[in-house]
Amino acid sequence: MISFHQVQKHYGSFHVLKDINLRVNLGEVVVVIGPSGSGKSTLVRCINQLEKITSGDLIVDNVKVNGRGTDLNKLRREIGMVFQHFNLYPHKTVLQNITLAPVKVLGVSETEAKETAMFYLQKVGIAEKAGSYPAQLSGGQQQRVAIARGLAMKPKIMLFDEPTSALDPETIGEVLDIMKTLAKEGMTMVVVTHEMGFAREVADRIVFMDQGRILEEAHPRDFFSQPREERARLFLSRIL
Ligand code: ADP
Ligand code: MG
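About the criteria used
Residues numbered from 1 in each chain as written. Chains lettered and ligands numbered in written order. Predicted model: local features only at pLDDT ≥ 70, side-chain atom pairs only at ≥ 80, totals over all residues. Heavy atoms only, no water. UniProt positions renumbered as here; feature names shortened; annotations may be inferred. Core = buried A, V, L, I, M, F, W, Y, C linked by side-chain atoms within 4.5 Å. Buried < 20%, exposed > 50% of the residue type's maximum accessible area, 1.4 Å probe, protein only. Helix = DSSP H or I, 4+ residues; strand = E, 2+ residues; numbered from the N terminus. Contact = heavy atoms within 4.5 Å. Salt bridge = Lys/Arg side-chain N within 4 Å of Asp/Glu carboxyl O. Near = heavy atom within 4 Å. Polar contact = N/O pair within 3.5 Å; in protein donor to acceptor, adjacent residues only side chain to side chain. Areas by Shrake-Rupley, 256 points an atom, 1.4 Å probe, with all protein chains shown as cover. Axes fitted to C-alpha atoms, helices over the stretch in contact; angles between N-to-C directions. Parallel < 35°, antiparallel > 145°, perpendicular 65-115°, else oblique. Left-handed = near helix turned anticlockwise from the far one by under 90°. Nonpolar A, V, L, I, M, F, W, Y, C, P; charged D, E, K, R; others polar. Pairing = 2+ DSSP bridges.

For the chain, an unreviewed UniProt entry supplies the name ATP-binding cassette domain-containing protein and the organism Paenibacillus validus. Under the UniProt heading Sequence similarities (unreviewed entry), the note attached to the chain is "Belongs to the ABC transporter superfamily."

Have a look at this one:
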């Protein structure tokens, strides 16, 4: 579904992604970990072209997305993204937050969009909040709305960039549980997180980044029990 081939990315003269080679297969869950500033967000944002790569090739669902004439709208319709900060529209209700893009971008009817929105709100366990405004919800609930909003576009890929980092400890679990369910249902997912319990349990593969490089790629069982790279060992010793 996603393939990075010798990808380089610069911010001006700063070389932020260095020779990235990475494949994510259909239905796979890849968890990206690494120190702050190592390029995790940039890597994920390249997938839906929120950031442009400088060179190399990036293929998403069989389309070379760094090519000229890439249909960005089509690409982004196929990819849901959930951020650390939920980015909900504050002056719209939960339901309106979810129906907006399907109506505007996919052109589905209001009625159908509402039905779909309610389906996903039920799935994330907050159907009763449909008429509330984001500020009336807890952080965990807002993040669940953000996930429902992503799912309502029926994406082929879901990207998560530290989706629980801004949450109170007691609401982190409710968001991780939804992500686990999605993973079990076969969603292709790339997840940046510091939640090592989730990574260990859900990831098909761990990608460890440091200073713009993928230093290690391994099955979680191997990565957590015996990381090959000294830098990964140090990172784990600090956060576990
Ligand atoms: P991570 O998500 O692992 O913390 P990022 O991808 O956010 O890392 O950032 C990697 C590096 O790129 C950092 O040094 C950061 O300061 C820098 N960076 C991120 N975004 C930009 C930008 N828009 N312009 C310039 N530098 C950036
Ligand atoms: Mg980041």
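The structure having been displayed, the exposition proceeds.
**Q** Would you mind going over the nonpolar core with me for this structure?
**A** Generally speaking, soluble globular proteins have nonpolar side chains that are buried together. Val31, Leu121, Ile147, Phe160, Met179, Met189 and Phe223 are the most contacted members of the largest nonpolar core, which totals 49 residues. If one sorts the elements of this core by residue count, helix H6 (residues 169–184) sits on top with 7 residues. Sequence-distant contacts of Ile147, that is, excluding residues within four places in its chain, are made with Val82, Val124, Met158, Phe160, Val175, Ile178, Met179 and Leu182. Formed by 26 residues, the second largest nonpolar core is a distinct cluster that contains Leu22, Val30, Val190 and Val207.

**Q** Would you mind going over the pattern of salt bridges with me for this structure?
**A** One side chain can pair with another of opposite charge once the charged atoms of both are near each other. Under the defined criterion, the tally for this structure stands at 14 salt bridges. Put simply, Arg45 and Glu51 hold a salt bridge, and the shortest N to O gap is 3.6 Å. Residue Glu51 is classed as buried on the basis of its relative accessible area of 16%. With a closest N to O distance of 2.7 Å, Asp61 and Lys156 form a salt bridge. One end of the pair, Asp61, is in the loop between strand S4 (55–60) and strand S5 (63–64); the other, Lys156, is in the loop between helix H5 (139–151) and strand S7 (157–161), with 95 residues separating them in the sequence. Overall, Asp61 belongs to the buried group, its relative accessible area being 17%. What makes Lys156 partly exposed here is its relative accessible area of 40%. Counted as one network, the salt bridges with shared partners bring together Asp61, Lys74, Glu78 and Lys156.

**Q** When you look at the site of ligand 1 in this model, what are you seeing that I'm missing?
**A** Every residue lining ligand 1 is accounted for by Tyr11, Phe14, Val16, Pro35, Ser36, Gly37, Ser38, Gly39, Lys40, Ser41 and Thr42. In this structure, a nitrogen atom belonging to ligand 1 sits 3.4 Å away from a side-chain N or O atom of Tyr11. One of the side-chain N or O atoms of Thr42 is found 2.5 Å from an oxygen atom in ligand 1. Contact with the protein chains covers 58% of the free accessible surface of ligand 1, which is 560 Å². If you list the elements that add at least two residues to the shell around ligand 1, you get strand S2 (14–24) and helix H1 (40–47). Among the elements that make up the shell around ligand 1, the one with the highest residue count is H1 (3 residues).

**Q** Explain the packing of helix H3 (residues 94–106) against H5 to me, please; I cannot follow it from the model alone.
**A** A pair of packed helices is captured by two measures, namely the crossing angle of their axes and the spacing between those axes. At a minimum axis distance of 8 Å, the contact between H3 and H5 shows a crossing angle of 25 degrees. Taken together, H3 and H5 sit at an angle that is classed as roughly parallel. At the point where H3 passes H5, the crossing takes the right-handed sense. The residues of H5 that touch H3, namely those facing Val94, Asn97 and Ile98, are Val145, Ala148 and Arg149. A class-by-class count of the residues in the contact of H3 with H5 yields 4 nonpolar, 1 polar and 1 charged.

**Q** Is there a simple way to explain the UniProt feature "domain: ABC transporter" (unreviewed entry) in the chain in this structure?
**A** What UniProt calls "domain: ABC transporter" (unreviewed entry) maps, in this numbering, to residues 2–236. Secondary structure over residues 2–236 splits into 38% helix and 26% strand, and the C-alpha atoms at its two ends are 27 Å apart.

**Q** Honestly, the sheet that holds strand S3 (residues 29–33) in this entry has me stumped. Any pointers?
**A** The strands making up a sheet are joined through hydrogen bonds of the backbone, oriented either antiparallel or parallel. Judged by pairing direction, the sheet is mixed, and its 6 strands sit side by side in the order S6-S7-S8-S3-S9-S10 without closing on themselves. This sheet does not close on itself; its edge strands, each paired only once, are strand S6 (79–82) and strand S10 (213–218). The average undirected angle you get between the axes of adjacent strands in this sheet is 15 degrees. One ladder, built from 4 bridges, connects S6 with S7; its direction is parallel. The partner of Ile79 across the bridge, within S7, is Ile157. Lying over the sheet, H5 contacts S6 and S7, oriented at roughly 155 degrees with respect to S7. Of the strands in this sheet, S3, S7 and strand S8 (188–192) touch H6, which is tilted by about 145 degrees from S8.

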